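Here is what each chain is made of, one letter per residue.
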Amino acid sequence: MKKIMFGAALAAISLSSPALADTISVAPGEGAQERLQEALIVAQPGDTVELGAGRFVLTDGLSLDVDGVTVRGAGQDASVLDFTGQLAAGEGLLVTSDNVTLRDFAVENSKGDGIKSKGADNIVYARLRVEWTGGPKETNGSYGVYPVESVGVLIDGVIVKGASDAGIYVGQSKQIIVRNSVAMYNVAGIEIENSRDARVTGNYVSRNTGGILVFDLPNLPNLVNAGNFGGNVRVDHNLIIANDTPNFAPKGNIVASVRKGTGVMVMANENVEVADNVIADNGTAGVLVVAYPLSFGDAKYNPYPRNVLIDDSNSFVRNGRDPQYEGGAQMAAAFGGALPPVIWDGLGKNALVVANGIAALSLGLAAQGTDVSQAHPAPAAGVGKDLRLAPLAPVTLPDAIEIRAQQ
Amino acid sequence: MIRGVSLAAIGIATTLVLGATVPVAKVDDAAITAAGFPAQLSDYRFFGDAKARDPAEGVIPYRLNTPLFSDYAEKLRYLYIPDGRQAKANGEGLIALPVGSAIIKSFGYEHDGNLRLIETRVLLHRADGWLALPYVWNDAQDAAMLKLGGSRVPVTFIDPSGATRSISYAVPNKNQCKECHAVNGVVTPIGPKARNMDAAFLAQLVAAGKLDAEPKVAQRLPVWEDRANAPVEAVARAYLDANCAHCHRAEGSASNSGLSLGWEVADSVALGIGKRPTAAGRGSGDLDFDVAPGDPAHSILVHRMKRLEPGVAMPELGRATVHDEGVAAVAAWIARMR
């Protein structure tokens, strides 16, 4: 089933690809597991593994470890990798090589994560769908798409539904764009964790427990960022609407503490810009800016948010009407039924810059680790836009990556 | 259940088979070192017989003090170092095998009193690095064929407690071989490490000219079968080293977890003690810490060793049943912690 493609266009898109690239076509049906896995093993750099239309019934995780391979299906609803009967492996598809393109297929009901890429630089996830088809359940897999320890990540036009942790999760990486994607019915819609130089733009993030999370956690190696922690994250032009699914994450995970109705949450991170978003109908808060709340044993870790900018270009509509924490209802009542759109726990120096005209509330917590039940809420002093530090440099990815996403 | 390998046999197995002098098979060195993937195990001529029990000249059986658990499979392990070449001791760590070497490991279960092989995995040291390949045995048990894409084999066996277990045994695909055998993304043998081997065996290798020097080892891993006589912590740490640390190390597949379970790790948080999970997802089992001192029942480490469903079960690969004795060893260590 090997078709040779004489493709000048194909050759031009990747610097590493040979003049002649093969397309290995794999159809669904009998023996799909072994046939598809073997194709992913024998593919050479520059080759395309082409998934036919239909449902691939799989029993084990798949993996790709060859640089420069494209895995291409017939569409995010047409070619489905079905892991409903999966017996082993921590994810549906694992990628451990560089310059890989994954596009136009779906992963359904993997037992662990949907698609994980680790140490896979310059990876493109384009027009994929990762879904747990039974709706939000604690037994669903953790992450939908999960690039980690990578430099150069592009996620474009991906749909993720039902992840019991984060739908789109980028961890311990740098140079990241997550755009034009849809995250619904996950615990966290999109999460950028311990990562630097990220842009989250043009996404539709709705019906999750929390919409977009920008977090730093302690005790992680973060080799890609030379042991530094997360920062330089711009969240812009997203629709962050009605994130109202009750939290269904297994306890013990940090996202299990995310309150239903959180639009954007920034925790222990630096240089985060939230601009040009529409943030509506998130019951707990439009934007929540907090310190890491738990004890930690990591001398290098900074648990506080630093230099988080909430720009006046955001549209805040009907947020904070049903805050999901102790005393939240009374607090909302005291504010006439709805809290201000921006809530800060009150911890950290130079934690937050809120543009003039955007109301913000400080919970006035006494110290890192203080429970929210000990809040002393007070309007956060309006801080002028002129106090913000230098604007973030834009995140751009090499043209070769953009071309791979747009084929 | 580990098939005993006579240490005394090492020096002579290369020339004597079953006490009689017979022509001994010679390994095909080119099959190890040339490019490509040999289609059958017999292509290497590691064994003189079709059933792969009689090692060819220079193919040395060995065992480990504390082995990796593989669904209670019996394992036959062999080292091959080509004629005229020598391995190098490297402290108490991995013995450095020269190009042209191979590590061969067969997995099987007792069936009607005979060992019935399921698969044989080979690690080949080529000039451009190590290559891991899986071979699956046929029903007649006279040939093992390359299965790059892995396979599943239904297996029923009696566990050490006498109970019957039926599992879907997973033969790893070539990539999965690498998931466990990767150091910084490069295929590297997990063992043999000097600290996990018998000193007398290593001395015999030196005497036979196959190893340059006897490795200096501060503390050897306990012998698993004798674990009742070894310190609880050493038994558990050896088990974690052999079963977890190939991924749970800074250079391994699970580096991003921040959990490092190697024998040499001293940092208690890296070992999981009081460490919160990072990306465990539903693997956390509603628990807060990887290791909760004194409380194995509330330690994610133990929880995940006791579960089978993908996404929760650890290790992620190569375990379709619970290793009750391994769980007990790790739980005993945690229970004694303060």
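Residues numbered from 1 in each chain as written. Chains lettered and ligands numbered in written order. Predicted model: local features only at pLDDT ≥ 70, side-chain atom pairs only at ≥ 80, totals over all residues.

> Could you clarify how one ought to interpret the overall build of chain A in this entry?
What chain A contains, in helices and strands, is four helices and 35 strands. Rg of the C-alpha trace for chain A: 22 Å, near the compact-globule value of 22 Å for 407 residues, within the 12% margin. Taken along its principal axes, the extent of the C-alpha atoms in chain A is 70 × 40 × 40 Å. Counting only residues that meet the buried cut, chain A has 61% of its 407 residues in that class. In chain A, 61% of the contacts between residues at least 6 apart in sequence involve partners at least 24 apart. (Helix = DSSP H or I, 4+ residues; strand = E, 2+ residues; numbered from the N terminus. Rg over C-alpha atoms; globule rule 2.2 N^0.38 Å. Buried ≥ 20, exposed ≤ 12 C-beta atoms within 10 Å, placed from the backbone. Contact = placed C-beta atoms within 7 Å.)

> I would appreciate a short explanation of the overall build of chain B in the present structure.
Per the secondary structure count, chain B includes six helices and 10 strands. Expressed as a percentage of the 338 residues in chain B, the buried residues total 47%. Sequence separation of 24 or more characterises 55% of the internal contacts of chain B that already satisfy a separation of 6 or more.

> Would you mind going over the domain arrangement of chain B with me for this structure?
Where interface size is given, it is often the accessible area lost as the parts come together that is meant. All names here are of chain B. By domain assignment, chain B separates into domain 1 (7–207) and domain 2 (224–336). Between the C-alpha centres of domain 1 and domain 2 the distance comes to 26 Å. Across the contact, 24 residues belong to domain 1 and 19 residues belong to domain 2. Of all the secondary-structure elements, those providing two or more residues to the side of domain 1 that touches domain 2 are β8 (164–171), α2 (174–180) and β9 (182–183). (Domains from an automatic or database assignment.)

> Would you mind going over the sheet that holds strand β1 (residues 59–62) of chain B with me for this structure?
Sheets are built from strands paired through backbone hydrogen bonds, the pairs being either parallel or antiparallel. Residue and element names in this part refer to chain B. Read from one edge to the other, the open sheet built from six strands follows the order β1-β2-β3-β4-β5-β6, with strand pairing classed as antiparallel. Pairing within the sheet leaves two strands with one partner each, and these edge strands are β1 and β6 (144–146). Across the sheet, the mean angle separating the axes of adjacent strands is 30° when strand polarity is ignored. Here strand β2 (residues 74–80) pairs with strand β3 (residues 102–111) via seven bridges, running antiparallel. (Pairing = 2+ DSSP bridges. Axes fitted to C-alpha atoms, helices over the stretch in contact; angles between N-to-C directions.)

> Sorry, what's going on with the interface of chain B and chain A here?
Taken residue by residue, the interface counts 37 residues in chain B and 40 residues in chain A. Of all the elements in the fold, those that place two or more residues in the side of chain B that touches chain A are β8 and α2 of chain B. Looking at the side of chain B that touches chain A, the element that brings in the most residues is α2(B), giving four residues. Residue composition of the side of chain B that touches chain A, grouped by class: 11 nonpolar, 16 polar and 10 charged. (Nonpolar A, V, L, I, M, F, W, Y, C, P; charged D, E, K, R; others polar.)

> Explain the confidence of the model for chain B to me, please; I cannot follow it from the model alone.
Note: predicted coordinates in regions of low pLDDT should not be interpreted at a detailed level. Residue and element names in this part refer to chain B. Considering every residue of chain B, the mean pLDDT works out to 91; 93% of them sit at 70 or more. Helix α6 (residues 324–336) holds the highest mean pLDDT among the elements of chain B, 98, whereas β9 holds the lowest, 86. Counting contacts from residues 1–20, a segment whose pLDDT is below 50, to residues more than four positions away or on other chains yields 33 contacts. Across the assembled chains, the prediction reports ipTM 0.84 with pTM 0.89. (pLDDT = per-residue confidence, 0-100.)

> For this particular structure, what's the right way to read the pairing of β8(B)?
Put simply, side chains in a regular strand alternate between the two faces of the sheet. Judged from the eight bridges that link them, strand β7 (residues 151–158) of chain B and β8(B) form a sheet pairing that is antiparallel. Note on β8(B): the bridge partner recorded for B:S151 is B:V171.

> Help me understand the nonpolar core in this model?
Within soluble globular proteins, side chains that are nonpolar tend to cluster in buried spots. By size, the foremost hydrophobic cluster in this structure holds 116 residues, and its most contacted members are A:V145 and A:I168. The biggest single contributor to this core is strand β29 (residues 285–290) of chain A, with five residues. B:L41, B:F47, B:I81 and B:C177 belong to the second-largest nonpolar core, a separate cluster that totals 52 residues. (Core = buried A, V, L, I, M, F, W, Y, C linked by C-beta atoms within 7 Å.)

> Got a minute to help me understand the sheet that holds strand β4 (residues 54–57) of chain A in this structure?
Residues and elements named next belong to chain A. Taking strand neighbours across the sheet as the criterion, the 10 strands line up as β4-β7-β10-β13-β16-β19-β22-β25-β28-β31 in an open arrangement whose pairing is parallel. Edge positions in the sheet fall to β4 and β31 (315–317), since each of these pairs with one other strand and no more. For this sheet, the mean inter-axis angle between neighbouring strands, taken without regard to orientation, is 10°. The pairing of strand β13 (residues 129–131) with strand β16 (residues 159–161) spans three bridges and is classified as parallel. Considered in β16, the bridge of E131 is made with K161.

> What is the right way to read the confidence of the model for chain A from this model?
The pLDDT averaged across chain A works out to 91; a share of 93% of its residues lies at or above 70. Contacts from residues 1–18 of chain A, a stretch scored under 50 in pLDDT, to residues over four places away or in other chains number 34 contacts.

> Explanation requested: the environment of A:L363 in the structure shown.
Residues and elements named next belong to chain A. Note that L363 resides in the loop between β34 (360–362) and β35 (378–379). Under the C-beta neighbour-count criterion, L363 is labelled buried, with 22 such atoms within 10 Å. Note: C-alpha distance between L363 and D345 (18 residues apart in sequence) is 4.7 Å. Leave out the neighbours within four places in its chain, and L363 touches I343, W344, D345, G346, V372, A375 and P377.

> Would you mind showing me how to read the UniProt feature "domain: Right handed beta helix" (unreviewed entry) in chain A here?
In the numbering used here, UniProt assigns the feature "domain: Right handed beta helix" (unreviewed entry) to residues 140–290 of chain A. A helix fraction of 0% and a strand fraction of 52% characterise residues 140–290 of chain A, whose end C-alpha atoms lie 28 Å from each other. (UniProt positions renumbered as here; feature names shortened; annotations may be inferred.)

> Looking at this structure, I do not really get the pairing of strand β5 (residues 60–64) of chain A. What am I missing?
Residues and elements named next belong to chain A. Most of β5 sits out of view: five of its five residues are buried. Sheet topology note: the β5/strand β8 (residues 88–95) ladder contains four bridges and is parallel. Counterpart to L62 in the pairing with β8 is L93.

> Just checking my understanding: could you explain the packing of helix α4 (residues 232–243) of chain B against α6(B) for this structure?
Any two packed helices are characterised by how steeply their axes cross, that is the angle between the axes, and by the distance between the axes. All names here are of chain B. Viewed as axis vectors pointing N to C, α4 and α6 meet at an angle of 130°, and their least axial separation amounts to 8 Å. By the angle between their axes, α4 is oblique relative to α6. Of the two elements, α4 crosses α6, and the hand of that crossing is left-handed. Between α4 and α6, the residues in contact are V232, E233, V235, A236, Y239, L240 and N243 and G326, A329, V330, A332, W333 and R336, respectively. Grouping the constituent residues of the contact of α4 with α6 by class yields nine nonpolar, two polar and two charged. (Parallel < 35°, antiparallel > 145°, perpendicular 65-115°, else oblique. Left-handed = near helix turned anticlockwise from the far one by under 90°.)

> What's the story with α6(B) in this structure? I'm lost.
Think of an α-helix as 3.6 residues a turn; residues three or four steps apart then line up on the same face. Residue and element names in this part refer to chain B. Helix length check: α6 (13 residues) gives 18 Å between terminal C-alpha atoms against 18 Å at 1.5 Å per residue, within 8%. Of all the residues in α6, the buried ones are G326, A329, V330, W333 and I334. Seen end-on, α6 carries its buried residues on one side only, within an arc spanning 130°. For α6, the secondary structure elements touched by its buried residues are α4 and α5 (300–305). (Expected span 1.5 Å × (residues − 1). Arc of directions from axis to C-beta.)

> Is there a simple way to explain α4(B) in this structure?
Residue and element names in this part refer to chain B. For α4, which comprises 12 residues, the first-to-last C-alpha distance of 16 Å matches the rise-based estimate of 16 Å (1.5 Å per residue) to within 8%. Here α4 lies mainly inside the structure; nine of its 12 residues are buried. Among the residues making up α4, those that are buried are V235, A236, R237, A238, Y239, L240, D241, A242 and N243. Where α4 is buried, its residues meet α6.

> What's the story with the environment of A:T48 in this structure? I'm lost.
All names here are of chain A. As for its placement among the helices and strands, T48 is situated in strand β3 (residues 48–51). Judged by the 20 C-beta atoms lying within 10 Å of it, T48 is buried. Between the alpha carbons of T48 and K300 there is a distance of 43 Å; along the sequence they are 252 residues apart. Sequence-distant contacts of T48, defined by excluding residues within four places in its chain, comprise A21, T23, T70 and R72.

> Mind showing me how you'd approach unusual backbone geometry here?
Leaving glycine out, the prevailing phi sign among residues is negative, and the prevailing peptide bond configuration is trans. Going from B:G191 to B:P192, the amide bond is cis rather than trans, its omega being 0°. The residue B:P192 is located in the loop between β10 (186–187) and α3 (199–207) in this model. For the bond running from B:M314 to B:P315, omega is -5°, close enough to zero to count as cis. Residue placement: B:P315 occurs in the loop between α5 and α6. Residues other than glycine seldom take positive phi values, yet A:N109 does so here, at roughly 55°. The phi angle at A:R127 is positive, at roughly 50°, despite the residue not being glycine. Along the chain, A:R127 turns up in the loop between β12 (123–126) and β13. Judged by C-beta crowding, with 20 C-beta atoms within 10 Å, A:R127 ranks as buried.

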